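Overview (structure and organization)
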Amino acid sequence: MTATGHSAGLNALSYVQTKVVPLRPDHLERNRIVAYNKNSNMGGAFDLLRTQVLKIMEENGWRTLAITSPTPEAGKTVLAINLAMSIAHHTTKTALLVDFDLRRPTVGACLGLPMDKSLNEYLADEAELQEVLVNPTLPRFVVLPTRKPIPLSTEVLSSPAVTHLISDLRERYNSRIVIFDLPPILSSDDVITVLPKFDCVLLVVANGMNSKKEIEESLHHLGSANLIGTVLNKAEPQNRSYY
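Going by what an unreviewed UniProt entry lists, the protein chain is known as non-specific protein-tyrosine kinase and is assigned to Pseudomonas migulae. Database annotation for the protein chain, UniProt heading Catalytic activity (unreviewed entry): "L-tyrosyl-[protein] + ATP = O-phospho-L-tyrosyl-[protein] + ADP + H(+)". The UniProt entry for the protein chain carries this comment under Sequence similarities (unreviewed entry): "Belongs to the CpsD/CapB family."

**Some thoughts on the overall build of the protein chain**
Each helix and strand counted, the protein chain has 11 helices and eight strands in total. The buried share of the protein chain, taken over its 243 residues, is 51%. Within the protein chain, contacts between residues separated by at least 24 positions form 81% of all contacts whose residues are at least 6 apart in sequence.

**Side note on the nonpolar core**
Membership of the largest hydrophobic core comes to 39 residues, with the highest contact counts inside it found for Leu65, Ile67, Phe141, Ile179 and Leu202. Of all the elements, helix H4 (residues 76–89) adds the most residues to this core, at nine residues. In this structure, Leu102, Leu129, Leu182 and Leu203 belong to the second largest nonpolar core, which totals 32 residues.

**Some thoughts on the pairing of strand S6 (residues 176–181)**
Taken across its six residues, S6 has six buried, putting it largely inside the fold. In S6, alternate side chains face the same way, and those of Arg176, Val178 and Phe180 on one face and Ile177, Ile179 and Asp181 on the other are all buried. As judged from the six bridges shared by strand S3 (residues 94–99) and S6, these two strands associate in the parallel manner. Within the sheet, the bridge partner assigned to Leu96 lies in S6 and is Val178.

**Re the environment of Leu48**
When you line up the elements, Leu48 lands in helix H3 (residues 44–60). For the pair formed by Leu48 and Ser86, sequence separation is 38 residues and the distance between their alpha carbons is 9.3 Å.

**Side note on the pattern of salt bridges**
Applying the stated criterion across every chain, the model contains 14 salt bridges. Among the ionic pairs, Glu59 bridges to Lys55, the shortest N-O distance being 2.7 Å. With Glu59 and Lys55 both in helix H3 and four residues apart, the pair spans about one turn of that helix. For Glu59, a relative accessible area of 55% translates into the label exposed. Of the charged contacts in the structure, one is a salt bridge between Asp168 and Arg172, with a shortest N-O distance of 2.9 Å. One network of salt bridges, in which partners are shared, links Arg63, Arg170, Glu171 and Asp199.

**Examining the confidence of the model for the protein chain**
Taken residue by residue, the protein chain gives an average pLDDT of 85. The fraction at 70 or more is 83%. For the protein chain, helix H1 (residues 3–8) is the element with the lowest average pLDDT, namely 37, and strand S2 (residues 64–68) is the one with the highest, namely 98. Predicted confidence is poor over residues 1–16, with pLDDT under 50, and the contacts of this stretch with residues over four places away or in other chains come to 29 contacts.

**A word on the packing of aromatic side chains**
Under the defined criterion, the tally for this structure stands at three aromatic pairs. Pairing Phe180 with Phe198 gives two aromatic rings, centres 4.6 Å apart and planes at 40°, and the pair type is tilted. With Phe180 in strand S6 and Phe198 in the loop between helix H10 (190–194) and strand S7 (200–206), this residue pair connects regions lying 18 residues apart in the sequence. Of the two residues, Phe180 and Phe198, both sit in the buried class.

Calculation rules
Residues numbered from 1 in each chain as written. Predicted model: local features only at pLDDT ≥ 70, side-chain atom pairs only at ≥ 80, totals over all residues. Heavy atoms only, no water. UniProt positions renumbered as here; feature names shortened; annotations may be inferred. Helix = DSSP H or I, 4+ residues; strand = E, 2+ residues; numbered from the N terminus. Buried < 20%, exposed > 50% of the residue type's maximum accessible area, 1.4 Å probe, protein only. Contact = heavy atoms within 4.5 Å. Core = buried A, V, L, I, M, F, W, Y, C linked by side-chain atoms within 4.5 Å. Pairing = 2+ DSSP bridges. Salt bridge = Lys/Arg side-chain N within 4 Å of Asp/Glu carboxyl O. pLDDT = per-residue confidence, 0-100. Phe/Tyr/Trp six-rings, centres within 6.5 Å; stacked < 30°, edge-to-face > 60°.

Here is the structure:
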């Protein structure tokens, strides 16, 4: 299917080659995945973030977005999943979420996906790309999970195979936004190694967890990247009246 044909048929997508896996609402709720139901009022923050992110990306012709955080437990994976789902609900875009946290992959587990074939098999030349993609019964949403940690992750992320994969995922459909869940930027060299391969990056900071020094150090490492914003996660919601 060509990119033009894909765009024209967004509302009638059928996943012929992609494995379709139903998601369990109770599992999603336990993992704080709230954007699955587009009618839920809990997804409002992600819809707002989606609008802001897509506006910047469309203005610049960007289609690949990396998401990272200074340290673990900032909630970047949960944010990445909810943002991708929110984009998928946006009728002019498809969203592909890739688990590139090769040291500690959790996207598949958060969604409750069976992962008999995943990025692990693709990078080991044991599966084709279409065999490792999953559609979690949400229109315009596809996931490329990683089943288990990948040794020598920095070397893998700097390899020609990963460069080719990122390019292939970006160029195949011009209506697609590809979101890559990266490791925390201060935990290893992985992010710095792979960051130049993406159009832009979003930094997720955990309220009360990340120190000023960690945030400043992260921003320093992201200095040469197209940083489109910083998200303050785990903050207490403010009660706002209508007036």
